[in-house]
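One-letter residues, chain by chain:
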Amino acid sequence: MVVDELDALRDKYKGCDALAFADLSTKMILVTDSGSNLRREALDALCTEAALLLGVNGEPALADRPSDLASAASPSQLRVFVRAADEPNDVLCCICGPKIDAAAFVADASECLDRISSGD
């Protein structure tokens with residue numbers, strides 16, 4: 001199940017505050033991890049940010065080609081957006097604390113998303 005995959009990723013990284021699986025073609029968050037307490041407005045904003053940073057339906061919003069990974073950081077938060085390898089509109093939106101091991105987290109988040117996206 002998607003929630004189980006998201007929960008397992010969140011549990012593995014103590015600095016992970018929230019995870020959301022999104023469909024950029026509809027600009028909708030489809031599923032969040034079971035511990036997420038983000039309000040609908042915050043989820044909508046997260047999905048909008050993912051669409052802006054990654055691009056939608058093969059069309060970039062900010063660059064000359066769509067990206068498979070994007071992040072936005074502040075002193076208190078790191079937001080990471082990962083695109084699925086085989087489904088370009090499937091995205092994992094992640095909110096993490098600033099001290100998370102970003103490289104390890106992104107690798108595991110990509111694998112998690114690919115399992116979710118492929119239905120494995």
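Residues numbered from 1 in each chain as written. Predicted model: local features only at pLDDT ≥ 70, side-chain atom pairs only at ≥ 80, totals over all residues. Heavy atoms only, no water.

Engineer: I keep staring at the overall build of the chain and nothing clicks. Help me out?
Structural biologist: For the chain, the count of helices and strands is three helices and five strands. In the chain, the order of α-helices and β-strands from amino to carboxyl end is α-β-β-α-β-β-β-α. The C-alpha atoms of the chain give 13 Å as radius of gyration, which agrees with the globular expectation for 120 residues (14 Å, within 12%). When its C-alpha atoms are laid out on the principal axes, the chain stretches across 35 × 35 × 30 Å. Per-residue burial for the chain yields a buried fraction of 43% across its 120 residues. The long-range share in the chain, meaning contacts at least 24 apart out of those at least 6 apart in sequence, stands at 52%. Accessible surface computed for the chain: about 6,500 Å², of which carbon and sulfur atoms make up 51%. (Helix = DSSP H or I, 4+ residues; strand = E, 2+ residues; numbered from the N terminus. Rg over C-alpha atoms; globule rule 2.2 N^0.38 Å. Buried < 20%, exposed > 50% of the residue type's maximum accessible area, 1.4 Å probe, protein only. Contact = heavy atoms within 4.5 Å. Areas by Shrake-Rupley, 256 points an atom, 1.4 Å probe, with all protein chains shown as cover.)

Engineer: I tried to follow helix 2 (residues 40-54) on my own but got confused; where do I start?
Structural biologist: Given 3.6 residues per helical turn, the α-helix brings residues three or four places apart onto the same face. Its 15 residues give helix 2 an end-to-end C-alpha distance of 21 Å, which sits within 8% of 21 Å, the value for a rise of 1.5 Å per residue. Within helix 2, the full set of buried residues consists of L43, L46, C47, E49, A50, A51 and L54. For helix 2, the elements touching its buried residues are strand 1 (16-23), strand 2 (28-32), strand 3 (69-74), strand 4 (77-83) and strand 5 (90-96). (Expected span 1.5 Å × (residues − 1).)

Engineer: Please explain unusual backbone geometry as it appears in this structure.
Structural biologist: Comment: phi is negative for the bulk of residues other than glycine, and the bulk of peptide bonds are trans. Here K27, not a glycine, exhibits a phi torsion of approximately 55°, which is positive. For K27, the location among the structural elements is in the loop between strand 1 and strand 2.

Engineer: Is there a simple way to think about the pattern of salt bridges in this case?
Structural biologist: Note on pairing: side chains with opposite charge can pair once their charged atoms come close. In total, this model carries seven salt bridges according to the counting rule given. Here R40 ties to D44 by a salt bridge, and the two come within 3.5 Å at their closest N and O atoms. With R40 and D44 both in helix 2, this residue pair falls four residues apart, about one helical turn. R40 gets classed as partly exposed once you look at its relative accessible area, which sits at 46%. By relative accessible area, D44 is classed as partly exposed at 35%. (Salt bridge = Lys/Arg side-chain N within 4 Å of Asp/Glu carboxyl O.)

Engineer: How should the sheet that holds strand 4 be read in this particular structure?
Structural biologist: To summarise the sheet geometry, strands pair through backbone hydrogen bonds and adopt either a parallel or an antiparallel arrangement. A sheet is described by the order of its strands in space; here five strands give the open sequence 2-1-5-4-3, paired in antiparallel fashion. In the strand order of this sheet, the two ends are held by strand 2 and strand 3, each with one partner. The mean inter-strand angle of the sheet, taken between neighbouring strand axes irrespective of direction, is 20°. Summarising the sheet, strand 1 and strand 2 pair through four bridges and their orientation is antiparallel. (Pairing = 2+ DSSP bridges. Axes fitted to C-alpha atoms, helices over the stretch in contact; angles between N-to-C directions.)

Engineer: Would you explain the pairing of strand 3 in this entry?
Structural biologist: Moving residue by residue along a regular strand, the side chains alternate between the two faces of the sheet. Pairing of strand 3 with strand 4, which is carried by six bridges, proceeds in the antiparallel orientation. In the strand pairing of strand 4, A72 is matched with R79. Hairpin geometry of strand 3 and strand 4 is characterised by an intervening segment of two residues between the two adjacent antiparallel strands.

Engineer: Quick question: what am I supposed to make of the packing of helix 1 (residues 2-12) against helix 3 (residues 102-118) here?
Structural biologist: A pair of packed helices is captured by two measures, namely the crossing angle of their axes and the spacing between those axes. Two elements in contact, helix 1 and helix 3, have axes separated by 10 Å at closest approach and are oriented at 170°. In terms of orientation, helix 1 lies roughly antiparallel with respect to helix 3. Of the residues in helix 3, those in contact with V2, E5, L6, L9 and K12 of helix 1 are F105, D108, A109, C112, R115 and I116. Considered class by class, the residues forming the contact of helix 1 with helix 3 number seven nonpolar, no polar and four charged. (Parallel < 35°, antiparallel > 145°, perpendicular 65-115°, else oblique. Nonpolar A, V, L, I, M, F, W, Y, C, P; charged D, E, K, R; others polar.)

Remember, this is a structural readout, not a statement about activity or role.
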